[in-house]
Amino acid sequence: MTTSAKDTGTPPPSGEPALNRAIGPKLLILFVIGDILGTGIYATTGKVAGKVGGALWLPFAIGFVVAILTAASYVELVGKYPKAAGAALYTQKAFKVPFLTFIIAFMVMCSGLSSASAAARAFSGDYLGELTSNALPPTLVAILFILALAALNLRGVSESVKTNVVLTLVELTGLAIILAIGAYAVLSGDGEPSRLTDFEAGDGTAYALMTGVLGATALGFFAFVGFEDSVNMAEETKDPTRTFPRAIFLGVAVTGTIYVLVALVSSLLVDYKVLEGSSGPLLEVVKAGGIDFPHKLFALIALFAVTNSALINIMMASRLCYGMANERILPRAMGRVLSRRRTPVVGIVFVSLLAIGLVSTGEIEGLGDTTAFLLLCVFAVVNVAVLVLRRDPVEHKHYRAPTVLPVLGALTALILASPLADRPAEVYIRAGVLLAIGIGLWAVNKVVLKARGEE
(Lines give C-alpha, C1' and ligand atoms only; values in the text may rest on other atoms or scores of the structure.)
Protein backbone atom coordinates (compact mmCIF):
# COMPACT_ATOMS: atom_id res chain seq x y z
CA MET A 1 0.00 0.00 0.00
CA THR A 2 1.38 3.41 -0.93
CA THR A 3 0.82 6.70 0.84
CA SER A 4 -0.06 9.87 -0.98
CA ALA A 5 2.07 12.97 -0.69
CA LYS A 6 -0.75 14.66 1.15
CA ASP A 7 -1.19 11.91 3.72
CA THR A 8 2.54 11.74 4.50
CA GLY A 9 1.76 8.98 6.95
CA THR A 10 3.18 5.53 7.43
CA PRO A 11 1.24 2.73 5.73
CA PRO A 12 -0.69 0.58 8.20
CA PRO A 13 0.37 -2.99 8.90
CA SER A 14 -0.53 -5.49 6.21
CA GLY A 15 -4.21 -6.44 6.32
CA GLU A 16 -5.14 -3.55 8.64
CA PRO A 17 -7.33 -0.73 7.28
CA ALA A 18 -6.04 2.83 7.54
CA LEU A 19 -7.86 5.28 9.78
CA ASN A 20 -10.42 7.40 7.99
CA ARG A 21 -9.05 10.87 7.26
CA ALA A 22 -12.35 12.63 7.90
CA ILE A 23 -11.24 15.73 9.83
CA GLY A 24 -10.91 18.87 7.75
CA PRO A 25 -9.37 22.23 8.71
CA LYS A 26 -12.51 23.75 10.27
CA LEU A 27 -13.35 20.70 12.35
CA LEU A 28 -9.74 20.46 13.55
CA ILE A 29 -9.69 24.11 14.62
CA LEU A 30 -12.89 23.62 16.62
CA PHE A 31 -11.52 20.39 18.08
CA VAL A 32 -8.37 22.20 19.29
CA ILE A 33 -10.43 25.04 20.78
CA GLY A 34 -12.79 22.56 22.45
CA ASP A 35 -9.87 20.58 23.85
CA ILE A 36 -8.37 23.67 25.50
CA LEU A 37 -11.57 25.24 26.82
CA GLY A 38 -13.08 23.89 30.00
CA THR A 39 -12.15 23.47 33.64
CA GLY A 40 -9.11 25.76 33.69
CA ILE A 41 -10.81 29.07 33.00
CA TYR A 42 -14.09 28.15 34.72
CA ALA A 43 -12.48 26.93 37.95
CA THR A 44 -9.00 28.39 38.51
CA THR A 45 -9.45 32.08 37.62
CA GLY A 46 -10.02 32.91 41.27
CA LYS A 47 -7.00 30.94 42.45
CA VAL A 48 -4.81 32.76 39.91
CA ALA A 49 -6.17 36.06 41.26
CA GLY A 50 -5.23 34.95 44.76
CA LYS A 51 -1.60 34.64 43.72
CA VAL A 52 -1.22 37.91 41.82
CA GLY A 53 -4.12 40.21 42.75
CA GLY A 54 -6.25 42.25 40.38
CA ALA A 55 -3.75 42.01 37.53
CA LEU A 56 -4.83 38.43 36.93
CA TRP A 57 -4.87 39.02 33.17
CA LEU A 58 -1.05 39.07 33.13
CA PRO A 59 -0.50 35.38 34.04
CA PHE A 60 -2.94 34.36 31.31
CA ALA A 61 -1.14 36.59 28.80
CA ILE A 62 2.23 35.07 29.72
CA GLY A 63 0.72 31.57 29.66
CA PHE A 64 -0.55 32.30 26.16
CA VAL A 65 3.00 33.13 25.01
CA VAL A 66 4.42 29.98 26.62
CA ALA A 67 1.68 27.89 25.00
CA ILE A 68 2.46 29.35 21.56
CA LEU A 69 6.17 28.52 21.98
CA THR A 70 5.47 24.88 22.75
CA ALA A 71 2.68 24.71 20.17
CA ALA A 72 5.28 25.57 17.52
CA SER A 73 7.27 22.48 18.50
CA TYR A 74 4.20 20.26 18.39
CA VAL A 75 3.27 21.67 14.96
CA GLU A 76 6.73 20.85 13.58
CA LEU A 77 6.73 17.35 15.03
CA VAL A 78 3.19 16.39 14.02
CA GLY A 79 3.93 17.60 10.50
CA LYS A 80 7.14 15.62 10.44
CA TYR A 81 5.68 12.48 12.05
CA PRO A 82 1.88 12.52 11.46
CA LYS A 83 1.15 9.62 13.81
CA ALA A 84 -1.26 9.35 16.74
CA ALA A 85 1.22 8.98 19.57
CA GLY A 86 2.19 12.51 20.57
CA ALA A 87 4.88 13.27 23.14
CA ALA A 88 5.80 9.60 23.73
CA LEU A 89 6.51 9.08 20.01
CA TYR A 90 8.67 12.21 19.80
CA THR A 91 10.57 11.29 22.96
CA GLN A 92 11.33 7.78 21.71
CA LYS A 93 12.43 8.99 18.28
CA ALA A 94 14.67 11.69 19.77
CA PHE A 95 16.30 9.89 22.70
CA LYS A 96 15.62 6.17 22.12
CA VAL A 97 15.44 5.53 25.88
CA PRO A 98 12.37 3.33 26.57
CA PHE A 99 12.26 4.22 30.27
CA LEU A 100 12.18 7.97 29.48
CA THR A 101 9.47 7.33 26.90
CA PHE A 102 7.44 5.48 29.54
CA ILE A 103 7.89 8.31 32.05
CA ILE A 104 6.65 10.88 29.51
CA ALA A 105 3.65 8.71 28.56
CA PHE A 106 2.80 8.12 32.23
CA MET A 107 3.12 11.82 33.03
CA VAL A 108 0.70 12.64 30.22
CA MET A 109 -1.71 10.04 31.61
CA CYS A 110 -1.40 11.41 35.15
CA SER A 111 -1.91 14.97 33.92
CA GLY A 112 -5.26 13.84 32.55
CA LEU A 113 -6.17 12.34 35.92
CA SER A 114 -5.20 15.42 37.93
CA SER A 115 -7.10 17.58 35.42
CA ALA A 116 -10.20 15.38 35.78
CA SER A 117 -9.82 15.53 39.56
CA ALA A 118 -9.64 19.34 39.48
CA ALA A 119 -12.83 19.28 37.39
CA ALA A 120 -14.46 16.99 39.96
CA ARG A 121 -13.58 19.47 42.70
CA ALA A 122 -14.95 22.32 40.59
CA PHE A 123 -18.15 20.34 40.00
CA SER A 124 -18.68 19.89 43.73
CA GLY A 125 -18.27 23.60 44.48
CA ASP A 126 -20.20 26.82 44.01
CA TYR A 127 -21.55 26.04 40.52
CA LEU A 128 -23.41 23.01 41.90
CA GLY A 129 -24.34 24.97 45.01
CA GLU A 130 -26.12 27.53 42.84
CA LEU A 131 -28.38 24.80 41.46
CA THR A 132 -29.04 22.64 44.50
CA SER A 133 -29.10 22.79 48.29
CA ASN A 134 -26.76 19.80 48.42
CA ALA A 135 -25.67 19.02 51.97
CA LEU A 136 -23.13 16.33 51.07
CA PRO A 137 -19.42 17.06 51.76
CA PRO A 138 -17.67 18.40 48.63
CA THR A 139 -15.11 15.56 48.72
CA LEU A 140 -17.87 12.95 48.68
CA VAL A 141 -19.59 14.73 45.77
CA ALA A 142 -16.28 14.79 43.87
CA ILE A 143 -15.77 11.05 44.48
CA LEU A 144 -19.32 10.27 43.34
CA PHE A 145 -18.65 12.41 40.26
CA ILE A 146 -15.54 10.33 39.42
CA LEU A 147 -17.49 7.09 39.94
CA ALA A 148 -20.24 8.35 37.61
CA LEU A 149 -17.64 9.12 34.94
CA ALA A 150 -16.13 5.66 35.41
CA ALA A 151 -19.57 4.07 34.96
CA LEU A 152 -20.14 6.05 31.77
CA ASN A 153 -16.69 5.07 30.56
CA LEU A 154 -17.36 1.39 31.24
CA ARG A 155 -20.54 1.56 29.18
CA GLY A 156 -18.45 2.59 26.20
CA VAL A 157 -18.92 6.35 26.15
CA SER A 158 -17.20 7.92 23.15
CA GLU A 159 -17.58 11.24 21.40
CA SER A 160 -17.00 11.99 17.76
CA VAL A 161 -15.35 15.18 16.64
CA LYS A 162 -18.73 16.49 15.47
CA THR A 163 -20.15 15.97 18.97
CA ASN A 164 -17.10 17.80 20.32
CA VAL A 165 -18.05 20.76 18.12
CA VAL A 166 -21.45 20.98 19.83
CA LEU A 167 -19.83 20.76 23.28
CA THR A 168 -17.32 23.43 22.28
CA LEU A 169 -20.10 25.80 21.23
CA VAL A 170 -21.87 25.36 24.60
CA GLU A 171 -18.65 26.08 26.50
CA LEU A 172 -17.96 29.09 24.30
CA THR A 173 -21.47 30.37 25.04
CA GLY A 174 -20.65 30.60 28.75
CA LEU A 175 -17.49 32.60 28.06
CA ALA A 176 -19.33 34.79 25.53
CA ILE A 177 -21.79 35.66 28.30
CA ILE A 178 -18.88 36.80 30.48
CA LEU A 179 -17.48 38.95 27.66
CA ALA A 180 -20.91 40.46 26.97
CA ILE A 181 -21.23 41.36 30.65
CA GLY A 182 -17.78 42.96 30.48
CA ALA A 183 -18.65 44.97 27.38
CA TYR A 184 -21.86 46.19 29.03
CA ALA A 185 -19.93 47.18 32.17
CA VAL A 186 -17.38 49.18 30.17
CA LEU A 187 -20.08 50.98 28.17
CA SER A 188 -22.04 51.71 31.36
CA GLY A 189 -18.98 53.00 33.20
CA ASP A 190 -19.20 50.25 35.81
CA GLY A 191 -16.33 48.28 37.29
CA GLU A 192 -13.02 49.32 38.81
CA PRO A 193 -10.31 49.79 36.11
CA SER A 194 -7.72 50.48 38.83
CA ARG A 195 -7.85 46.80 39.82
CA LEU A 196 -6.28 45.79 36.49
CA THR A 197 -2.87 47.07 37.60
CA ASP A 198 -3.19 45.98 41.23
CA PHE A 199 -0.45 43.48 42.12
CA GLU A 200 -0.76 41.66 45.43
CA ALA A 201 2.09 39.18 45.87
CA GLY A 202 3.80 38.22 49.13
CA ASP A 203 5.54 41.04 50.98
CA GLY A 204 5.58 43.33 47.96
CA THR A 205 9.30 42.96 47.21
CA ALA A 206 10.56 42.48 43.65
CA TYR A 207 11.36 38.82 44.35
CA ALA A 208 7.93 38.17 45.83
CA LEU A 209 6.33 39.87 42.84
CA MET A 210 8.37 37.75 40.41
CA THR A 211 7.59 34.46 42.14
CA GLY A 212 3.96 35.49 42.55
CA VAL A 213 3.58 36.19 38.84
CA LEU A 214 5.44 32.98 37.93
CA GLY A 215 3.29 30.97 40.34
CA ALA A 216 0.10 32.51 38.96
CA THR A 217 1.31 31.86 35.39
CA ALA A 218 2.12 28.23 36.20
CA LEU A 219 -1.37 27.74 37.65
CA GLY A 220 -3.02 29.73 34.87
CA PHE A 221 -1.22 27.55 32.34
CA PHE A 222 -3.60 24.78 33.41
CA ALA A 223 -6.23 26.60 31.34
CA PHE A 224 -4.14 26.16 28.18
CA VAL A 225 -3.51 22.42 28.38
CA GLY A 226 -5.33 20.35 25.81
CA PHE A 227 -3.84 21.49 22.51
CA GLU A 228 -1.22 18.74 22.80
CA ASP A 229 -4.00 16.13 22.70
CA SER A 230 -4.96 17.19 19.19
CA VAL A 231 -1.82 15.63 17.70
CA ASN A 232 -3.41 12.24 18.42
CA MET A 233 -5.88 13.05 15.63
CA ALA A 234 -3.06 13.24 13.06
CA GLU A 235 -3.93 9.95 11.35
CA GLU A 236 -7.57 11.00 10.99
CA THR A 237 -6.89 14.48 9.61
CA LYS A 238 -6.88 15.42 5.95
CA ASP A 239 -3.44 16.62 4.83
CA PRO A 240 -2.07 16.92 8.41
CA THR A 241 1.21 18.61 7.44
CA ARG A 242 -0.73 21.57 6.07
CA THR A 243 -3.79 21.48 8.33
CA PHE A 244 -2.17 21.29 11.78
CA PRO A 245 -0.09 24.50 11.74
CA ARG A 246 -3.12 26.71 11.15
CA ALA A 247 -5.39 24.69 13.46
CA ILE A 248 -3.07 24.63 16.49
CA PHE A 249 -1.84 28.21 16.19
CA LEU A 250 -5.33 29.58 15.56
CA GLY A 251 -6.84 27.41 18.30
CA VAL A 252 -4.30 28.59 20.90
CA ALA A 253 -4.66 32.21 19.72
CA VAL A 254 -8.46 32.17 19.97
CA THR A 255 -8.52 30.57 23.43
CA GLY A 256 -5.65 32.75 24.66
CA THR A 257 -7.47 35.91 23.58
CA ILE A 258 -10.70 34.73 25.21
CA TYR A 259 -8.87 33.89 28.45
CA VAL A 260 -7.16 37.27 28.69
CA LEU A 261 -10.45 39.08 28.02
CA VAL A 262 -12.31 36.94 30.59
CA ALA A 263 -9.56 37.68 33.14
CA LEU A 264 -9.85 41.42 32.43
CA VAL A 265 -13.64 41.33 32.87
CA SER A 266 -13.35 39.25 36.06
CA SER A 267 -10.93 41.70 37.66
CA LEU A 268 -12.86 44.73 36.43
CA LEU A 269 -16.11 43.62 38.09
CA VAL A 270 -15.08 41.53 41.11
CA ASP A 271 -12.47 42.09 43.81
CA TYR A 272 -9.71 39.51 43.62
CA LYS A 273 -10.36 38.38 47.21
CA VAL A 274 -13.94 37.45 46.30
CA LEU A 275 -12.69 35.57 43.23
CA GLU A 276 -10.05 33.78 45.29
CA GLY A 277 -12.62 32.59 47.83
CA SER A 278 -14.99 31.12 45.24
CA SER A 279 -14.86 27.71 43.58
CA GLY A 280 -17.12 29.17 40.88
CA PRO A 281 -15.34 32.46 40.10
CA LEU A 282 -17.11 33.19 36.80
CA LEU A 283 -20.46 32.87 38.55
CA GLU A 284 -19.33 35.77 40.75
CA VAL A 285 -18.74 37.80 37.59
CA VAL A 286 -22.24 37.03 36.33
CA LYS A 287 -23.71 38.08 39.67
CA ALA A 288 -21.74 41.34 39.67
CA GLY A 289 -22.57 42.23 36.06
CA GLY A 290 -25.32 44.64 35.12
CA ILE A 291 -26.95 42.12 32.77
CA ASP A 292 -29.80 40.16 34.32
CA PHE A 293 -28.64 36.73 33.13
CA PRO A 294 -30.08 33.71 35.02
CA HIS A 295 -27.45 32.60 37.52
CA LYS A 296 -28.68 29.03 37.53
CA LEU A 297 -28.39 28.75 33.75
CA PHE A 298 -24.80 29.97 33.82
CA ALA A 299 -24.01 27.54 36.63
CA LEU A 300 -25.44 24.73 34.47
CA ILE A 301 -23.24 25.76 31.51
CA ALA A 302 -20.20 25.79 33.80
CA LEU A 303 -21.04 22.33 35.17
CA PHE A 304 -21.40 21.09 31.61
CA ALA A 305 -17.97 22.49 30.74
CA VAL A 306 -16.15 20.90 33.67
CA THR A 307 -18.01 17.59 33.23
CA ASN A 308 -17.03 17.40 29.58
CA SER A 309 -13.38 18.15 30.43
CA ALA A 310 -13.32 15.50 33.14
CA LEU A 311 -14.93 12.83 30.98
CA ILE A 312 -12.52 13.41 28.09
CA ASN A 313 -9.53 13.28 30.46
CA ILE A 314 -10.68 10.11 32.21
CA MET A 315 -11.24 8.46 28.84
CA MET A 316 -7.84 9.59 27.57
CA ALA A 317 -6.07 8.31 30.68
CA SER A 318 -7.79 4.90 30.59
CA ARG A 319 -6.95 4.47 26.89
CA LEU A 320 -3.32 5.42 27.49
CA CYS A 321 -3.18 2.85 30.28
CA TYR A 322 -4.70 0.27 27.93
CA GLY A 323 -2.24 1.17 25.18
CA MET A 324 0.79 0.90 27.45
CA ALA A 325 -0.40 -2.50 28.67
CA ASN A 326 -0.76 -3.73 25.10
CA GLU A 327 2.75 -2.52 24.34
CA ARG A 328 3.98 -4.54 27.35
CA ILE A 329 5.14 -1.35 29.09
CA LEU A 330 2.67 -1.88 31.94
CA PRO A 331 1.44 -5.29 33.20
CA ARG A 332 -0.59 -7.01 30.49
CA ALA A 333 -3.55 -7.47 32.88
CA MET A 334 -4.13 -3.71 32.75
CA GLY A 335 -5.10 -4.08 29.11
CA ARG A 336 -8.06 -6.39 29.78
CA VAL A 337 -11.26 -5.45 27.99
CA LEU A 338 -14.82 -5.85 29.23
CA SER A 339 -16.10 -8.53 26.86
CA ARG A 340 -19.61 -7.19 26.52
CA ARG A 341 -18.89 -3.48 26.26
CA ARG A 342 -15.42 -3.71 24.68
CA THR A 343 -14.07 -1.11 27.09
CA PRO A 344 -10.69 -1.30 28.94
CA VAL A 345 -12.16 -2.30 32.28
CA VAL A 346 -8.92 -2.68 34.28
CA GLY A 347 -7.54 0.57 32.89
CA ILE A 348 -10.74 2.40 33.77
CA VAL A 349 -10.76 0.99 37.31
CA PHE A 350 -7.07 1.81 37.79
CA VAL A 351 -7.29 5.45 36.64
CA SER A 352 -10.55 5.95 38.55
CA LEU A 353 -8.95 4.76 41.78
CA LEU A 354 -6.05 7.16 41.23
CA ALA A 355 -8.51 9.98 40.55
CA ILE A 356 -10.44 9.18 43.75
CA GLY A 357 -7.14 9.34 45.63
CA LEU A 358 -6.40 12.72 44.07
CA VAL A 359 -9.79 14.32 44.84
CA SER A 360 -9.59 12.97 48.38
CA THR A 361 -6.25 14.66 49.05
CA GLY A 362 -6.28 17.82 46.93
CA GLU A 363 -8.23 20.97 46.15
CA ILE A 364 -8.83 22.72 42.81
CA GLU A 365 -5.70 24.86 43.04
CA GLY A 366 -3.32 22.04 43.97
CA LEU A 367 -4.77 19.62 41.42
CA GLY A 368 -4.70 22.20 38.65
CA ASP A 369 -1.12 23.08 39.55
CA THR A 370 -0.20 19.38 39.48
CA THR A 371 -1.64 19.09 35.97
CA ALA A 372 0.32 22.12 34.80
CA PHE A 373 3.55 20.89 36.46
CA LEU A 374 3.37 17.45 34.84
CA LEU A 375 2.69 18.89 31.40
CA LEU A 376 5.34 21.59 31.74
CA CYS A 377 7.88 18.79 32.32
CA VAL A 378 6.56 17.00 29.23
CA PHE A 379 6.69 20.22 27.20
CA ALA A 380 10.32 20.83 28.20
CA VAL A 381 11.23 17.38 26.81
CA VAL A 382 9.20 17.92 23.63
CA ASN A 383 10.90 21.26 22.99
CA VAL A 384 14.31 19.64 23.33
CA ALA A 385 13.18 16.68 21.19
CA VAL A 386 12.30 18.94 18.27
CA LEU A 387 15.88 20.24 18.24
CA VAL A 388 17.40 16.77 18.49
CA LEU A 389 15.19 15.47 15.68
CA ARG A 390 16.44 18.16 13.30
CA ARG A 391 19.11 15.52 12.57
CA ASP A 392 16.39 13.19 11.27
CA PRO A 393 15.17 14.73 8.00
CA VAL A 394 12.07 13.39 6.24
CA GLU A 395 11.21 13.43 2.56
CA HIS A 396 7.98 15.41 2.71
CA LYS A 397 7.72 19.14 3.39
CA HIS A 398 6.50 20.27 6.79
CA TYR A 399 6.42 23.31 9.07
CA ARG A 400 9.77 24.10 10.69
CA ALA A 401 9.71 26.34 13.76
CA PRO A 402 12.35 29.07 14.08
CA THR A 403 15.02 27.55 16.35
CA VAL A 404 14.57 30.26 18.95
CA LEU A 405 10.98 29.13 19.65
CA PRO A 406 11.72 25.60 20.97
CA VAL A 407 14.72 26.97 22.88
CA LEU A 408 12.56 29.57 24.60
CA GLY A 409 9.79 26.97 24.97
CA ALA A 410 12.09 24.60 26.85
CA LEU A 411 13.47 27.37 29.07
CA THR A 412 10.07 28.84 29.98
CA ALA A 413 8.62 25.39 30.66
CA LEU A 414 11.52 24.54 32.97
CA ILE A 415 11.25 27.88 34.79
CA LEU A 416 7.51 27.46 35.33
CA ALA A 417 8.07 23.88 36.53
CA SER A 418 10.79 24.96 38.97
CA PRO A 419 10.46 26.15 42.59
CA LEU A 420 10.77 29.72 41.27
CA ALA A 421 7.07 29.44 40.44
CA ASP A 422 6.27 29.48 44.17
CA ARG A 423 4.55 26.11 43.91
CA PRO A 424 3.48 24.39 47.15
CA ALA A 425 5.51 21.33 48.14
CA GLU A 426 2.35 19.22 48.02
CA VAL A 427 2.29 19.54 44.22
CA TYR A 428 5.77 18.02 43.89
CA ILE A 429 4.89 15.33 46.42
CA ARG A 430 1.65 14.47 44.58
CA ALA A 431 3.43 14.28 41.23
CA GLY A 432 6.21 12.21 42.80
CA VAL A 433 3.75 9.72 44.30
CA LEU A 434 2.00 9.30 40.92
CA LEU A 435 5.32 8.70 39.17
CA ALA A 436 6.40 6.28 41.91
CA ILE A 437 3.24 4.24 41.28
CA GLY A 438 4.00 4.17 37.57
CA ILE A 439 7.64 3.22 38.06
CA GLY A 440 6.58 0.47 40.47
CA LEU A 441 4.21 -1.00 37.87
CA TRP A 442 6.91 -0.70 35.21
CA ALA A 443 9.41 -2.54 37.42
CA VAL A 444 6.90 -5.32 38.25
CA ASN A 445 6.18 -5.71 34.57
CA LYS A 446 9.91 -5.96 33.75
CA VAL A 447 10.36 -8.70 36.37
CA VAL A 448 7.36 -10.67 35.07
CA LEU A 449 8.51 -10.41 31.45
CA LYS A 450 12.00 -11.49 32.40
CA ALA A 451 10.69 -14.48 34.36
CA ARG A 452 8.64 -15.55 31.37
CA GLY A 453 11.58 -15.09 29.03
CA GLU A 454 9.66 -12.54 26.98
CA GLU A 455 12.17 -9.73 27.33
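Structural data are supplied above this passage.
Owing to the predicted nature of the structure, the values given are computational and were not obtained by experimental measurement.

**Q** What is the right way to look at the environment of isoleucine 415 in this model?
**A** Relative to the assigned elements, isoleucine 415 resides in helix α17 (residues 404–417). Measuring from C-alpha to C-alpha, the distance between isoleucine 415 and leucine 376 comes to 9.2 Å, with 39 residues separating the pair along the chain.

**Q** Explain the environment of alanine 299 to me, please; I cannot follow it from the model alone.
**A** One can find alanine 299 in helix α14 (residues 295–326). In this structure the C-alpha to C-alpha distance between alanine 299 and glycine 129, which are 170 residues apart in sequence, comes to 8.8 Å. Residues within four places of alanine 299 in sequence aside, it is in contact with Tyr127, Glu130 and Leu131.

**Q** Sorry, what's going on with the pattern of salt bridges here?
**A** Where charged atoms from two side chains of opposite charge approach closely, those side chains can pair. Going through the model one piece at a time under the given rule, you end up with 6 salt bridges. Ionic pairing is found between glutamate 365 and lysine 51, a salt bridge with its closest N-O pair at 3.6 Å. Of this pair, glutamate 365 sits in helix α16 (residues 364–388) while lysine 51 sits in helix α3 (residues 45–52), and the two are 314 residues apart along the sequence. On the basis of relative accessible area, glutamate 365 is assigned to the partly exposed category, the value being 28%. With a closest N to O distance of 3.2 Å, glutamate 130 and lysine 287 form a salt bridge. Of this pair, glutamate 130 sits in helix α7 (residues 126–131) while lysine 287 sits in helix α13 (residues 281–288), and the two are 157 residues apart along the sequence. Note on lysine 287: relative accessible area 38%, which makes it partly exposed.

**Q** Help me out: how do you make sense of a nonpolar patch on the surface in this one?
**A** Taken together, the side chains of Leu136, Leu140, Leu144 and Leu147 present a nonpolar region at the surface, about 330 Å² in accessible area. Inspection of the secondary structure assignment puts leucine 147 in helix α8 (residues 138–154). On the basis of relative accessible area, leucine 147 is assigned to the partly exposed category, the value being 42%.

Criteria and cut-off values
Every chain is numbered on its own, with residues counted from 1 as its sequence reads. Restriction of local features to residues with pLDDT of at least 70 applies here, the model being predicted, together with a cutoff of 80 or more for giving and counting side-chain atom pairs; totals for whole chains, interfaces and linings are based on all residues. For the side-chain quantities, the full set of heavy atoms in the structure was used; hydrogens and water were omitted. Here a strand is any run of E in DSSP of at least two residues, a helix any run of H or I of at least four, and the numbering for each starts at the N terminus. Any two residues whose heavy atoms approach within 4.5 Å are treated as being in contact. The working definition used for a salt bridge is a side-chain nitrogen of Lys or Arg within 4 Å of a carboxyl oxygen of Asp or Glu. Buried residues are those whose accessible area, probed at 1.4 Å on protein chains only, stays under 20% of the maximum for their type, while exposed residues exceed 50% and partly exposed ones sit between those limits. Patches here: salt-bridge-free residues with over 30% relative accessible area, like charges joined within 9 Å, nonpolar side chains (Val, Leu, Ile, Met, Phe, Trp, Tyr) joined within 5 Å. In these tables, accessible area is a Shrake-Rupley quantity obtained with a 1.4 Å probe, and a residue counts as shielded only by the protein chains included in the view.

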